[in-house]
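Coordinates in review
Residues per chain, in single letters:
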Amino acid sequence: MSLKLDGKKLSLEIEERLKNYISIHKKIAKRAPGLAVIRIGEDQASGVYVNNKEKACSRVGIKSFIFHLKDNVEQKEVEKLINNLNFDRDIDGILLQLPIPKKFDEERLISLINPSKDVDGLNEINMGKLVKNEPAMRSCTPAGIINLLRSQNITIEGKKIVVIGRSLLVGKPLSLMLLNLNGTVTMTHSKTINLNKLCKEADILIVAAGKPNLVDSSFVKEGTVIIDVGIHRLKSSDKDKTRLCGDVLLEDVIPKVFAYTPVPGGVGPMTVTMLLVNTIFSWQKQFGLSSSLNDLLP
Ligand code: NAP
């Protein structure tokens, strides 16, 4: 039987560690870790994600500060807010909830975030450090995937790993993290020729294409590990209802693989957990606290 890589279960286990870490170290720091989340506009999915992050923070003892700005706010005002948060001594992490309305210069806003508070790991300084394999804030979804693999002792070193997708959010940083951990990585994208054949060679196949059910059993070899990053809400056969699915046609693939991530309950919960880890990592550095959580940082 294939092994389910249960992100929900692992995230609860990690949260327990984080909660203990905060309760022990709060006495030294004399304040809880603080996370600022900036949301611009009324994107519904963003609202759900921000709520989930707020709840996760309160479960472990991180203080969250939500800044919900109207979409008629000016770029300069958002820049000012980020600058203020950069200097705010109660804030360890700053997250700009994406996507933001198109009129904003997203790249500039991300680059303004102090790298040591850039809990999404998207700032060019942190990306550069990832390229150089130096310790830094790592982006959350890729870091969550590495932790999921490690939790089941799935070796990365020496493995042939194919990543579908080259986005700055997932595919690129993930490929670099896997390379730094001595995987032999092939990064693929929409212009890749013979994608199916390349994927079939993978010991670990990670799919972050944003295309529902792109990958079926014809893409995988027997005994592979498959990680499904995609998340989509589709209409179900009962037309009033919707259901979630990933980029992988799971029911077709599961009988063939050694291990897989479910959707939902695989990569998604780990992304939120890594945001908490990064916030605490920044707090830990600011107050010179113990490094007992460092095994969670790829
Ligand atoms: P993205 O920015 O749209 O990037 C998609 C990547 O996949 C691009 O590099 C694209 O290639 C490639 N691609 C698209 N169609 C392809 C195809 N048919 N064959 C091969 N490659 C293809 O998406 P993203 O932000 O990386 O997110 C990917 C998925 O993960 C989405 O469903 C998103 O919702 C989900 N996601 C989930 C989490 C989570 O926590 N669970 C977090 C982040 C993202 P080109 O570069 O050539 O266009």
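Residues numbered from 1 in each chain as written. Predicted model: local features only at pLDDT ≥ 70, side-chain atom pairs only at ≥ 80, totals over all residues. Heavy atoms only, no water.

**Topic: the overall build of the protein chain**
How we decide: Strands are runs of DSSP state E lasting at least two residues, helices are runs of H or I lasting at least four, and both sets are numbered from the N terminus onward. Relative accessibility decides the category of a residue: with a 1.4 Å probe and only protein chains considered, values under 20% of the type maximum give buried, values over 50% give exposed, and everything between is partly exposed. In what follows, a contact means two residues having at least one pair of non-hydrogen atoms within 4.5 Å. Only the protein chains shown count as cover for residues, and the accessible areas themselves come from Shrake-Rupley with a 1.4 Å probe. As used throughout, the charge tally considers Lys and Arg to be positive and Asp and Glu to be negative, leaving His and the chain termini uncounted. For charged residues, the charge sits on one atom: NZ in Lys, CZ in Arg, CG in Asp, CD in Glu.
Secondary structure summary: the protein chain contains 10 helices and 11 strands in total. Along the first, second and third principal axes, the C-alpha atoms of the protein chain reach 55 × 45 × 35 Å. Within the protein chain, the fraction of its 298 residues that count as buried is 49%. Across the protein chain, contacts joining residues at least 24 apart in sequence account for 69% of those joining residues at least 6 apart. As displayed, the protein chain offers around 14,600 Å² of accessible surface, 53% of which is attributable to carbon and sulfur atoms. Computing the positive centroid from 42 side-chain charges and the negative centroid from 33, the protein chain places the two 2 Å apart.

**Thoughts on the domain arrangement of the protein chain**
Applied cut-off: Domain borders in the structure are assigned automatically or taken from a domain database.
Once the domains are mapped, the protein chain shows domain 1 (31-115) and domain 2 (140-268). Relative to domain 2, the C-alpha centre of domain 1 lies at a distance of 28 Å.

**Re the pairing of strand 10 (residues 242-245)**
Note the cut-off: If DSSP finds at least two bridges between two strands, the strands pair.
Where strand 9 (residues 232-235) lies against strand 10, 4 bridges are found, and the strand directions are antiparallel. Each bridged residue has a counterpart across the sheet, and for K235 the counterpart in strand 10 is T242. Between strand 9 and strand 10, which pair antiparallel in sequence order, lie 6 residues.

**Some thoughts on the site of the ligand**
The following threshold applies: Residues are counted as near a molecule or strand when any one of their heavy atoms sits within 4 Å of it. Think of a polar contact as two N or O atoms within 3.5 Å of one another; within protein, one of them needs to be a possible hydrogen donor and the other a possible acceptor, and neighboring residues in sequence only count if both atoms come from side chains. Residue type decides the class: Asp, Glu, Lys and Arg count as charged, Ala, Val, Leu, Ile, Met, Phe, Trp, Tyr, Cys and Pro as nonpolar, and the leftover types, Gly among them, as polar.
The environment of the ligand is formed by 22 residues, the closest being R166, S167, H189, S190 and T271. Between the ligand and the protein, one listed contact pairs an oxygen atom with a side-chain N or O atom of S167 at 2.5 Å. H189 places a main-chain nitrogen or oxygen 3.4 Å from a nitrogen atom of the ligand. In the complex, the protein chains occlude 70% of the 930 Å² of accessible area that the ligand would expose alone. Counting residues per element, the shell around the ligand draws most heavily on helix 10 (residues 267-287), which supplies 3 residues. Residues belonging to the shell around the ligand are distributed by class as follows: 10 nonpolar, 10 polar and 2 charged.

**Section: the packing of helix 2 (residues 44-60) against helix 10**
Formally: Fitted lines through C-alpha atoms give the axes, limited to the stretch in contact for helices. The angle between two N-to-C directions lies from 0 to 180 degrees. Working rule for angles: under 35 degrees goes down as roughly parallel, over 145 as roughly antiparallel, 65 to 115 as roughly perpendicular, anything else as oblique. Here a crossing is taken to be left-handed if its near helix is turned anticlockwise relative to the far helix by less than a right angle, and right-handed if that turn runs clockwise.
Where helix 2 meets helix 10, the closest approach of the two axes is 10 Å, and the angle between their N-to-C directions is 55°. On the basis of the axis angle, helix 2 is oblique to helix 10. Of the two elements, helix 2 crosses helix 10, and the hand of that crossing is right-handed. Along the contact surface, helix 2 presents N52, K53, A56, C57 and V60, while helix 10 presents V272, L275 and L276. Of the residues contributing to the contact of helix 2 with helix 10, the split by class is 6 nonpolar, 1 polar and 1 charged.

**Brief notes about the sheet that holds strand 3 (residues 63-69)**
Sheet architecture is open: 3 strands sit in the order 3-2-4, paired in parallel fashion. At either margin of the open sheet sits one strand with a lone partner, and together these are strand 3 and strand 4 (93-96). With strand direction ignored, the average angle separating the axes of adjacent strands in the sheet is 15°. Summarising the sheet, strand 2 (residues 34-40) and strand 3 pair through 7 bridges and their orientation is parallel. Its bridge partner lying in strand 3, G34 is registered against K63. Contacting strand 2, strand 3 and strand 4, helix 2 crosses the sheet at an angle of about 170° to strand 2.

**Concerning unusual backbone geometry**
The amide bond that connects L98 to the next residue, P99, takes the cis arrangement and shows omega of 0°. Cis rather than trans, the peptide bond between V263 and P264 has omega equal to 0°. Looking at the secondary structure, you find P264 in the loop between strand 11 (259-260) and helix 10. One non-glycine residue with positive phi stands out, namely N153, at about 55°. Here N153 shows up in the loop between helix 6 (140-151) and strand 5 (160-164).

**Regarding the pairing of strand 7 (residues 204-207)**
By the alternation rule, side chains of strand 7 split into I204 and I206 and L205 and V207, which are all buried. Relative to strand 7, strand 5 runs parallel, the two sharing 4 bridges. Of the residues in strand 7, the one forming a bridge with I161 is I204. Bridge count for strand 7 against strand 8 (residues 225-228) is 4 bridges, and the pairing is parallel. Each residue of the ladder has a partner; that of L205, found in strand 8, is I226.

**Looking at the environment of I40**
With respect to the helices and strands, the residue I40 is situated in strand 2. When its relative accessible area of 4% is taken as the criterion, I40 is described as buried. Between the C-alpha atom of I40 and that of K241, which follows or precedes it by 201 residues, the distance is 29 Å. The contact partners of I40, leaving out residues within four places of it in the chain, are L69, K70, D71, V73, V78, L96, I100, P101 and F104.

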